[in-house]
Amino acid sequence: MATARSAAKKAAKKVVRTAAKTMAAEVAAGPAAKKVVRAAAAAVEAVTSSVSTETVQHIGGLLQAARARRFLKESSVAPAVVVSPPQGATADSSEIQTVSALNLGRMADLMGGQVGNARMNIVRRLDRSLVITANAPALRAVRNSSPGLRIFHATYLYPQYLRPLGEELAELEIQQVPGATAKKFKVRLIDTAGAPVVGVKIRALLEWEGAHISAKTGQDGVAEFAVPQVYARVELLIVEPEHTYWSKYVEGFDRVAAPKVVDIAVAPLIPDAFALMGHYAPYDATAGQGVKVGVIDSGVGPHQDLTVSGGAGLVTEDDAADFLDNGIGHGTHVAGTIAGALSAAGLYGVAPACTLMSYRVCPKTGNKGRAQSVDVAAAIEKAISDGCDLVNISMGSVEAMPEVPEMLQKAREAGMVIFAATGNDGAELLRYPARYSHTQAVGALGRDATFPADSPEQFQRSEVVRGKEFVAEFSNYGLGADFIGPGVAVMSTFPGERYAMMSGTSMATPFTTGMAARLLSRAPNVLNMPKGPDRADAIIRLVSGSTRMPGWSDVYGSFGVVRA
């Protein structure tokens, strides 16, 4: 852990600002759709950056600090406990007998009939293991009964997507004292047609260390601010819509010189004026046909562009039949990149004809942005039983998950291939489960001119550049990285029949999973092989043999970018 955290803290690199220009999309749609897309491109072109070079340098440092703070705040130990016999344990071993006794509710047998204050509940059964919640006396009893058992806490995994400064800054928001002297001003947020943009949080950054105030736009698109007298400047205005519009940074001003109203125009995400996926995989309505793809995530849908054929809710005490998105939108966005149908605006998934399955591992309440490793292991087990060919896991943990490798081995024996995100720490560090040998680890790249010049994505460009492509500054890397795919400014589906832009290795992974489905659907000799490890290996060889090497080091993805 110390090494991982040290690597994350040292991940800060020189931020290189790139001047990006818009370009009209040539999507696989009719002339009318193309005309609308070109009109949107012209509107985006009118929105120019107002952030100075000095401010850019400050933003780079702020982003790095926010990322390190998020990394250090991540809880690693989850409440569930796994009780597992060692590999090779026989039916008559004390370990198997102890697990059997627990499974039958005979805890008193382990404690000589004196249960006392020991408390234990079985959460689920996972292959030969039990997932339990237990207090200290119960765990001591289990350990004493069979010292050879493996007993360990589950760990938490986190979606590997970026909200550039949103949640990371939340804890640094200033709570203003009523009646305190403050300079007031308003921000009026409009779209490129001049209409008010409602319900978007805007942050006014007062110090480069992160202190800020925030307000949300009302029905008139106006948000009101009051800057405390102790702060000399508003360094930056940060506009980060959750969906529908591009994020934007705007240069600040001295507090005493604050204008009464600051007008900010945000560019629409849809229609897609950049066609990122068009550079890597032209639309193919039949791509992925006959291939079953599982998405282990926050849930999927509902969305008009997505057809979910089934799945399950794997969160303990949640509805097992509820595989819909828990509200954060991450799983729906991931699924859209894999299997989204062609929208009227030209967005599409790279394997829209595949059979899509959703396995929700993030809860509906509480902390919706994380999952327990035991639930991920259970989701893999369910995907195996459902006959998935490919599985996407756009989540990661810095902690090992001892219960997961056995499930990954079972997946391989079932002829299934799992793609997992390397992580967004900007470090030479692969998060789990991407670090395990029976997953295919995917990092993220970006492409010039696929986002507005004044969007935060300009700060995700690393110094590793070849032509128009660059390794994403946040993307984890290492010798175990297998593939790299587009993960900067990816537009996809979002709950509520909306669309959103997200960045992260979370976004690069479904591109690679979808491309694998695309290739597998065209290779019936591999798709129809008997389920087994030979089939899993054949799928990997098929995908790794259909790639393009961008020209940078293998540590960013030894196989390169999957080609259509």
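Please refer to the structure higher up on the page.
Every chain is numbered on its own, with residues counted from 1 as its sequence reads. pLDDT decides what is reported in this predicted model: residues at 70 or higher carry local features, side-chain atom pairs at 80 or more are listed and counted, and totals for whole chains, interfaces and linings draw on all residues regardless. With hydrogens and water set aside, each side-chain value is computed from the structure's full complement of heavy atoms.

Outline the pattern of salt bridges, listing residues and values.
Any carboxyl oxygen of Asp or Glu within 4 Å of a side-chain nitrogen of Lys or Arg constitutes a salt bridge here. The final tally for this structure, using the stated rule, is 19 salt bridges. Note that Arg 124 is salt-bridged to Asp 375, the shortest N-O span being 2.4 Å. One end of the pair, Arg 124, is in strand 2 (residues 120–126); the other, Asp 375, is in helix 9 (residues 373–385), and 251 residues separate them in sequence. Of the two residues, Arg 124 and Asp 375, both sit in the buried class. Across the pair Lys 410 and Glu 381 runs a salt bridge whose closest N-O atoms are separated by 3.7 Å. Of this pair, Lys 410 sits in helix 10 (residues 404–413) while Glu 381 sits in helix 9, and the two are 29 residues apart along the sequence. Here Lys 410 falls in the partly exposed class, since its relative accessible area comes to 28%. Under the DSSP-based scheme used, a helix requires at least four consecutive residues in state H or I and a strand at least two consecutive residues in state E, with every element numbered from the N terminus. Exposure classes here rest on a 1.4 Å probe applied to the protein chains alone. A residue is buried below 20% of its type maximum, exposed above 50%, and partly exposed in between.

Please provide a residue-by-residue account of the pairing of strand 11 (residues 261–266), values included.
Where burial is concerned, the two faces of strand 11 differ: the one with Val 262, Ile 264 and Val 266 is buried and the one with Val 261, Asp 263 and Ala 265 is not. In this analysis, strands are considered paired if DSSP registers two or more bridges between them. Of the pairings in the sheet, the one linking strand 5 (residues 182–191) to strand 11 comprises 6 bridges and is parallel in character. Residue Val 187 lies in a different strand from strand 11, and its bridge partner there is Val 262.

So, the nonpolar core: which residues are in play, and what are the values?
Counting residues in each nonpolar core, the largest one holds 70 residues, and the members touching the most others are Trp 246, Leu 390 and Tyr 556. Among buried residues, those of type Ala, Val, Leu, Ile, Met, Phe, Trp, Tyr and Cys that are joined through side-chain atoms within 4.5 Å constitute a nonpolar core. With 43 residues, the next largest nonpolar core counts Ala 78, Ile 296, Cys 362 and Cys 388 among its residues.

Tell me about the packing of helix 11 (residues 505–521) against helix 13 (residues 533–544), residues and numbers included.
Note on method: axes are straight lines fitted to C-alpha atoms, helices fitted across the in-contact stretch only, with angles between N-to-C directions ranging 0 to 180 degrees. Put simply, helix 11 and helix 13 touch, their axes get as near as 10 Å, and they point 105 degrees apart. Accordingly, the angle class assigned to the pair helix 11 and helix 13 is roughly perpendicular. Within the contact between the two elements, helix 11 uses Ala 516, Leu 519 and Leu 520 and helix 13 uses Ile 539, Leu 542 and Val 543. Each residue gets one of three labels, nonpolar for Ala, Val, Leu, Ile, Met, Phe, Trp, Tyr, Cys and Pro, charged for Asp, Glu, Lys and Arg, and polar for the others, Gly among them. Grouping the amino acids of the contact of helix 11 with helix 13 by side-chain chemistry returns 6 nonpolar, no polar and no charged. Orientation categories follow fixed angle ranges, with anything under 35 degrees roughly parallel, anything over 145 roughly antiparallel, 65 to 115 roughly perpendicular, and all other angles oblique. Contacts are residue-level and defined by heavy atoms, with any inter-residue pair within 4.5 Å sufficient.

Describe the environment of Val 230, naming the residues involved and giving the relevant values.
By the secondary structure assignment, Val 230 is in the loop between strand 8 (222–228) and strand 9 (233–239). Linking Val 230 and Arg 255, residues 25 residues apart in sequence, is a C-alpha distance of 9.7 Å.

Mind laying out the packing of helix 9 against helix 10, listing which residues take part and the relevant values?
Running from N to C, helix 9 and helix 10 cross one another at 15 degrees; their axes reach a closest spacing of 9 Å. Classed by the angle they form, the pair helix 9 and helix 10 counts as roughly parallel. Viewed along their axes, helix 9 and helix 10 form a crossing whose handedness is left-handed. Contact residues: Ser 373, Ala 377, Ile 380, Glu 381 and Ile 384 in helix 9; Val 404, Met 407, Leu 408, Lys 410 and Ala 411 in helix 10. Among the residues forming the contact of helix 9 with helix 10, the class breakdown is 7 nonpolar, 1 polar and 2 charged. Put simply, a crossing is left-handed when the front helix is turned counterclockwise from the back one by less than a right angle, and right-handed when it is turned clockwise.

Residue-level account of the side chain of Thr 450, with values.
Here Thr 450 is to be found in the loop between strand 19 (440–447) and strand 20 (461–466). Classification of Thr 450 as buried rests on a relative accessible area of 1%. The residues contacting Thr 450, other than those within four sequence positions of it, are Trp 246, Phe 274, Leu 276, His 279 and Ala 489.

Requested: an account of the packing of aromatic side chains, with residues and values cited.
In this scheme Phe, Tyr and Trp rings, the latter by its six-membered ring, pair at centre separations within 6.5 Å, and the angle between planes marks the pair as stacked below 30 degrees, edge-to-face above 60, and tilted otherwise. Taken as a whole and assessed by the stated rule, the structure comprises 10 aromatic pairs. Residues Tyr 283 and Tyr 348 carry aromatic rings whose centres are separated by 5.3 Å and whose planes lie at 65 degrees to one another, so their mutual orientation is edge-to-face. Placement of the pair is Tyr 283 in the loop between strand 11 and strand 12 (292–297) and Tyr 348 in the loop between helix 8 (330–339) and strand 14 (355–360), with a sequence separation of 65 residues. Assessed through its relative accessible area of 26%, Tyr 283 is described here as partly exposed. Judged by relative accessible area, Tyr 348 falls into the buried class, the value being 11%. Between the aromatic rings of Phe 419 and Phe 483, the centroid separation amounts to 6.1 Å while the plane-to-plane angle is 55 degrees, which identifies the pairing as tilted. Pair noted here: Phe 419 is in strand 18 (residues 417–421) and Phe 483 is in strand 22 (residues 483–486), with a separation of 64 residues, a long-range link. Across the pair, Phe 483 and Phe 419 agree in class, each one buried. A positively charged side chain is recorded as over a ring if its NZ (Lys) or CZ (Arg) lies within 6 Å of the ring centre. The angle to the ring normal must also be within 35 degrees. When the ring centre of Tyr 156 is taken as origin, the NZ or CZ atom of Arg 370, which lies over that ring, is 3.8 Å away.

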